[in-house]
Amino acid sequence: MGISASQERYVNFYTDFAFKKLFGTEVNKELLISFLNSLFEGREVIKDLKYLNGEHLGHVAAERKAVFDVYCENELGEKFLIEMQKAEQDYFKDRSIYYSSFPIQEQAPRGKWNFELQRIYTIGILNFVFDKNSDDYMHHEVKLMDIRTKEVFFDKLTYLYLEMPKFRKTEAELVTLLDKWLYAIKNLSSLMERPVALQEAVFTRLFEQAEIAAFNKEELHDYRESQKDFWDINSVLETAERKGIEKGDRNRQISTAKSLKAMGVLTDAQIAEATGLSEDEVRGI
């Protein structure tokens, strides 16, 4: 049995309000630093972050703008674009590449320049699955690569995607700090107590900031509105998925009926019984 909104102790991380409060505010910067460091597993160590303006316009007024969920840079000037994607959308990959072009272009100074770029990381926390070929491969790291040598061609542009529905580890299976962060992100709203496995100091901060009872009136209002938006999106997706399944089932029914009818063995009534179609529908095929 699920936990109702009135019973929740901690926020739903997938809401815009919670994501930006926990990962996008100066007061909670240590949470994002810990998460990013866990994601890089020692290959990159971030000591500090500076939040940047998340709204970017094209070079001319007529061009589209990009609004990043969280945009920041570390002490080395490397850029981090962190997005929470609640639902699959057409051209998801195209959008991701397009957004990464803004941190690239903004590095060009006025005047003479030798084209040297700082590293750029685009990180997507996805509440959907885009790679349906693998049921357990959920941590994608994408770079420009030479397809013959299989070597990285350019190591300053990295896309990291986390397919959260594929993360299924239980509390007893959590080993790395990244495991613990993914578990917290996915399960936060269903927890009533802080898990024993999440004892690092950074999770003390996480659960303090995520506790709904500690919100002031304005924060509570904003969270509830964000929660409603999340529910609305899920409802639309579930409806679309159900209709897609129903349409698929009907297409299969019609295809089967056509095959049976072509055999010339069964009556329309028998075909209707076998496929679930009405006799009138079978006659019209």
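Coordinates for the structure precede this section.
Now for a quick tour of the structure.

Reading the values: rules and limits
Residues numbered from 1 in each chain as written. Predicted model: local features only at pLDDT ≥ 70, side-chain atom pairs only at ≥ 80, totals over all residues. Heavy atoms only, no water. Salt bridge = Lys/Arg side-chain N within 4 Å of Asp/Glu carboxyl O. Helix = DSSP H or I, 4+ residues; strand = E, 2+ residues; numbered from the N terminus. Buried < 20%, exposed > 50% of the residue type's maximum accessible area, 1.4 Å probe, protein only. Pairing = 2+ DSSP bridges. Axes fitted to C-alpha atoms, helices over the stretch in contact; angles between N-to-C directions. Contact = heavy atoms within 4.5 Å.

Turning our eyes to something else, we now look at the pattern of salt bridges. According to the stated counting rule, one finds 21 salt bridges in the structure shown. Two residues, Lys-21 and Glu-219, come together in a salt bridge whose shortest N-O distance is 3.4 Å. Taken together, the residues Lys-21 in helix H1 (residues 16-23) and Glu-219 in helix H6 (residues 217-263) connect sequence positions 198 residues apart. Its relative accessible area of 23% is what places Glu-219 among the partly exposed residues. Here Arg-119 and Asp-155 are joined by a salt bridge, their closest N and O atoms 3.2 Å apart. Remark: Asp-155 occurs in strand E8 (residues 152-163) and Arg-119 occurs in the loop between helix H3 (92-105) and strand E6 (120-126); sequence separation between them is 36 residues. Taken together, the shared-partner salt bridges in this structure form one network comprising Arg-9, Glu-193 and Glu-211.

A few words now on the sheet that holds E8. Judged by pairing direction, the sheet is mixed, and its six strands sit side by side in the order E1-E4-E5-E6-E8-E7 without closing on themselves. The outermost strands of the open sheet, each flanked by one partner alone, are strand E1 (49-51) and strand E7 (139-145). Averaged over all adjacent pairs, the angle separating strand axes in this sheet is 25°, with direction ignored. Sheet topology places strand E5 (residues 79-85) next to E6; seven bridges connect them, and they run parallel. Directly across from Glu-83, in E6, lies its bridge partner Gly-124. Taken strand by strand, helix H2 (residues 29-40) contacts E1, strand E4 (70-74), E5, E6, E7 and E8, and its axis lies near 120° from that of E1. Here H3 sits on the sheet and contacts E4, E5, E6 and E8; the angle it forms with E5, its principal contact strand, is near 150°.

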